[in-house]
Amino acid sequence: MSWVLTIMAALSLFFGARTGHLSAVSAAALEGAGEAITLSLSLAGLLCLWSGVMAVVRESGLALHLARLFRPLLRRLLPRASQDPETLSAVSANLSANLLGLGNAATPLGIQAARRMAAGCGGTASDELCRLVVLNTASIQLLPTTVASLRAVHGCQAPFDILPAVWITSLVSVTAGLLCARLLSGQGGRP
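Here the structure is a predicted model, which is why all the values come from computation and not from measurement.

Caption draft 1: Focus on the confidence of the model for the protein. Taken over all residues, the pLDDT of the protein has a mean of 82, while the share at 70 or more is 92%. Within the protein, helix α3 (residues 62-77) has the poorest average pLDDT of any element, 78, and helix α8 (residues 163-183) the best, 91.

Caption draft 2: Highlighting the packing of aromatic side chains. Tallying each qualifying case throughout the model produces 1 aromatic pair. Aromatic side chains F14 and F15 sit 5.1 Å apart centroid to centroid with 75° between the ring planes, which places their arrangement in the edge-to-face category. The exposure class of F14 is partly exposed, given its relative accessible area of 46%.

Caption draft 3: Structural context of the pattern of salt bridges. As enumerated under the stated definition, the model contains 4 salt bridges in all. For the salt bridge of R116 with D84, the shortest nitrogen-to-oxygen distance reads 2.5 Å. You can see R116 sitting in helix α5 (residues 103-118) and its partner D84 sitting in the loop between α3 and α4 (85-99), a full 32 residues away along the chain. The exposure class assigned to D84 is partly exposed, which follows from its relative accessible area of 26%. A salt bridge links D161 to R151, with the shortest nitrogen-to-oxygen separation between them at 3.0 Å. Within this pair, whereas D161 is found in the loop between α7 (145-153) and α8, its partner R151 is found in helix α7, the two being separated by 10 residues in sequence. Residue R151 is classed as partly exposed on the basis of its relative accessible area of 22%. Salt bridges linked by common partners bring D84, E86 and R116 together as one network.

Caption draft 4: Quick look at the packing of helix α6 (residues 127-138) against α8. As a packed pair, α6 and α8 sit with axes 9 Å apart at the nearest point and diverge in direction by 165°. One way to sum up the angle between α6 and α8 is to call them roughly antiparallel. When you trace α6 past α8, the crossing you get is right-handed. Contacts between α6 and α8 involve R131, V134, L135 and A138 on the former and, on the latter, S170, S173, V174, G177, L178 and A181. Counted by class, the contact of α6 with α8 contains 6 nonpolar, 3 polar and 1 charged residues.

Caption draft 5: Focus on the packing of α4 against α6. Where α4 meets α6, the closest approach of the two axes is 9 Å, and the angle between their N-to-C directions is 25°. Considering their axes alone, α4 and α6 lie roughly parallel with respect to each other. The residues of α6 that touch α4, namely those facing V91, N94, L95 and N98, are L132, L135 and N136. Of the residues contributing to the contact of α4 with α6, the split by class is 4 nonpolar, 3 polar and no charged.

Cut-off values and rules
- Residues numbered from 1 in each chain as written.
- Predicted model: local features only at pLDDT ≥ 70, side-chain atom pairs only at ≥ 80, totals over all residues.
- Heavy atoms only, no water.
- pLDDT = per-residue confidence, 0-100.
- Helix = DSSP H or I, 4+ residues; strand = E, 2+ residues; numbered from the N terminus.
- Phe/Tyr/Trp six-rings, centres within 6.5 Å; stacked < 30°, edge-to-face > 60°.
- Buried < 20%, exposed > 50% of the residue type's maximum accessible area, 1.4 Å probe, protein only.
- Salt bridge = Lys/Arg side-chain N within 4 Å of Asp/Glu carboxyl O.
- Axes fitted to C-alpha atoms, helices over the stretch in contact; angles between N-to-C directions.
- Parallel < 35°, antiparallel > 145°, perpendicular 65-115°, else oblique.
- Left-handed = near helix turned anticlockwise from the far one by under 90°.
- Contact = heavy atoms within 4.5 Å.
- Nonpolar A, V, L, I, M, F, W, Y, C, P; charged D, E, K, R; others polar.

So this is what it looks like as structure tokens:
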């Protein structure tokens, strides 16, 4: 990726100098850098808030209650992982964070669950671990908070008006991902 950025910057400078618009290229680079910092700071506050909420969820024991709520579904999707309470708790917290659209807060929880599930796999991902990756990557989102906050930062008056589209697309993506994982599983399609 660094090569792509280097080539883009070099081409911008070359054509800016060649066409006599080097000052416009410099101004655009400075403006873009300033906007990136503003956006990063805006999102950092939201990320800190929701990461804190997820920490409270885990510390308060709500993650265990969520694990019980998700247990019937997870028993079908991840039967071996659902037998270990700590793994089930990490998977449940990961799913909860994804339901709230908190991909960045969900990532550490997903990594924790994946590490626990990968123990004893001998370096090859099990079908359950692949299903966890699908669930984490394609995640169903009830509240796309990160996307809504980006929309709000950029002046959208109704940042959550995308909810129906998000619900449909996330449900379709998870369903398609789980079907593909099942078709490609090493067990011949059995859960």
